[in-house]
Amino acid sequence: MEILITNDDGIYAEGISALACALKKAGNVTVVAPDTQRSAVGHAITISDPLRVVKARRNGEFFGYASSGTPADCVKLGIKAIMKKRPDLVVSGINLGGNQAYNVLYSGTVSGATEGALLGIPSIAVSLDTFVNPDYSSAAKFALKLALQCKKRSLPAGTLLNVNVPNLPASKLKGVRVTNQSRTCFNDWFEKRKDPHGGDYYWMTGDYKPKDADQASDLNALRAGYVSVTPIQFDLTNYKFISELENWGLKL
Ligand code: MN
């Protein structure tokens with residue numbers, strides 16, 4: 001199996017190394033990832049600047065291709081310019097921080113996998129639900145299992161798997177739940193500060209502790225200690241609303 005790996009935390013992040021190491025047991029791994037931190041760039045692509053690609057080494061060995069682009073750029077580059085064979089699977093991660101609920105829309109990690117699905121390749125995004133003391137081992141182990149499942153079965157066109165893993169040792173994980181996206185949002189606000197020259201600047205911050213009554217959601221699965229697997233898609237059309245909107249009788 002040919003596997004393309006990307007992320008949004010950058011090619012030198014701990015999570016992508018854990019993922020690449022695990023997936024080598026499933027096939028031939030090619031890493032194409034951003035040369036720097038690119039979290040929360042969503043599905044951005046680079047169209048007004050050249051895309052640079054250099055070989056990146058970790059622990060003295062060739063690890064992968066570092067690109068000046070976004071995760072979506074990296075997947076496009078990997079498939080259309082760098083890999084000799086078309087990948088059988090695209091895996092993005094392992095992200096430092098969960099990508100559940102509507103956070104998926106901002107996520108570079110998920111967008112890396114979305115780009116793979118757009119190009120017709122089975123794709124998985126993997127995130128670890130913590131920002132402190134990450135232990136990637138459970139998430140990496142599960143990513144390998146899921147990669148092998150994806151090889152055996154197939155995913156519907158236009159659908160990818162969004163995986164979130166609690167930051168727990170394997171023995172503490174309760175199991176795996178197939179979930180839907182929580183309909184909750186990050187509660188964010190801006191801190192107004194002064195720079196050394198007296199100018200104002202803003203820094204976004206916030207918390208993510210929403211109540212969610214939906215027991216089938218990704219958020220509640222994580223809170224209960226389960227690995228969450230959500231099948232997501234990128235056709236954003238609200239089909240139920242089409243006929244009502246037609247009844248508006250929109251005219252020029
Ligand atoms: Mn990230």
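It should be emphasised that the depicted structure is a prediction, and the values quoted were computed from it without experimental measurement.

Reading the values: the criteria
Residues numbered from 1 in each chain as written. Predicted model: local features only at pLDDT ≥ 70, side-chain atom pairs only at ≥ 80, totals over all residues. Heavy atoms only, no water. Axes fitted to C-alpha atoms, helices over the stretch in contact; angles between N-to-C directions. Helix = DSSP H or I, 4+ residues; strand = E, 2+ residues; numbered from the N terminus. Parallel < 35°, antiparallel > 145°, perpendicular 65-115°, else oblique. Left-handed = near helix turned anticlockwise from the far one by under 90°. Contact = heavy atoms within 4.5 Å. Nonpolar A, V, L, I, M, F, W, Y, C, P; charged D, E, K, R; others polar. Buried < 20%, exposed > 50% of the residue type's maximum accessible area, 1.4 Å probe, protein only. Expected span 1.5 Å × (residues − 1). Donors = N, O, S within 2.8 Å, 3.2 Å for Na, K, Ca; no water. Pairing = 2+ DSSP bridges. Core = buried A, V, L, I, M, F, W, Y, C linked by side-chain atoms within 4.5 Å. Salt bridge = Lys/Arg side-chain N within 4 Å of Asp/Glu carboxyl O.

Draft legend 1. Seen up close, the packing of helix α2 (residues 71-82) against helix α3 (residues 108-118). The interhelical angle for the contact between α2 and α3, taken along N-to-C directions, is 30°, at an axis separation of 7 Å. Classed by the angle they form, the pair α2 and α3 counts as roughly parallel. Between α2 and α3 lies a crossing of right-handed hand. Two secondary-structure elements touch here, α2 through Pro71, Ala72, Val75 and Lys76 and α3 through Gly108, Gly112, Glu115 and Gly116. Classifying every residue of the contact of α2 with α3 by side-chain character gives 3 nonpolar, 3 polar and 2 charged.

Draft legend 2. Quick peek at unusual backbone geometry. Following Gly93, the chain continues to Ile94 via a peptide bond in cis, the omega torsion being -10°. The topology assignment puts Ile94 in strand β5 (residues 89-96). Positioned with a positive phi, Ala40 is a non-glycine residue whose angle comes to about 65°. With respect to the helices and strands, Ala40 occurs in the loop between β2 (28-34) and β3 (53-58). Of the residues examined, Ala40 reaches a relative accessible area of 59% and is grouped as exposed.

Draft legend 3. Highlighting helix α4 (residues 137-152). For α4, with 16 residues, the first-to-last C-alpha span of 23 Å sits near the 22 Å given by 1.5 Å per residue. By the burial criterion, the buried members of α4 are Ser138, Ala139, Ala140, Phe142, Ala143, Leu144, Leu146, Ala147 and Cys150. Looking at the buried residues of α4, the elements they touch are α1 (14-23), β5, β6 (123-129), β7 (159-166), β8 (175-178) and β11 (226-233).

Draft legend 4. View of the coordination of the manganese ion. For the manganese ion, the protein coordination sphere consists of Asp8 (OD), Asp9 (OD), Ser39 (OG) and Asn95 (OD1), at 2.1 to 2.2 Å. In the primary structure, the donors to the manganese ion are separated according to the pattern D-D-x29-S-x55-N. Linking Asp8 in the loop between β1 (2-6) and α1 with Asn95 in strand β5, this pair joins segments that are 87 residues apart in sequence. Pair check on accessibility: Asp8 and Asn95 agree, each one buried.

Draft legend 5. Structural context of the sheet that holds β3. One open sheet accounts for 9 strands, arranged β3-β4-β2-β1-β5-β6-β7-β11-β8; its pairing is mixed. Two strands close off the open sheet at either side, each with one partner strand: β3 and β8. For this sheet, the mean inter-axis angle between neighbouring strands, taken without regard to orientation, is 25°. Pairing of β1 with β5, which is carried by 4 bridges, proceeds in the parallel orientation. When the bridges of β5 are listed, Ile5 appears paired with Val91. α1 contacts β1, β2, β3, β4 (61-67) and β5 of the sheet and is inclined by roughly 140° relative to β5. Together, β1, β5, β6, β7 and β11 form the strand contacts of α3, whose direction differs from that of β6 by roughly 170°.

Draft legend 6. View of the nonpolar core. Counting 35 residues, the largest nonpolar core has Ile124 and Val163 as its most contacted members. Of all the elements, α4 adds the most residues to this core, at 8 residues. The contact partners of Val163, leaving out residues within four places of it in the chain, are Ile124, Ala125, Val126, Ser127, Phe142, Leu146, Val227, Ser228 and Val229. Residues Val32, Met83, Leu119 and Ile121 belong to the second largest nonpolar core, which totals 9 residues.

Draft legend 7. Quick look at the pattern of salt bridges. According to the stated counting rule, one finds 4 salt bridges in the structure shown. Ionic pairing is found between Asp200 and Lys194, a salt bridge with its closest N-O pair at 2.6 Å. Under the relative-accessibility criterion, Asp200 is labelled partly exposed at 43%. Judged by relative accessible area, Lys194 falls into the exposed class, the value being 57%.

Everything listed is a geometric property; what it means functionally is a separate question.
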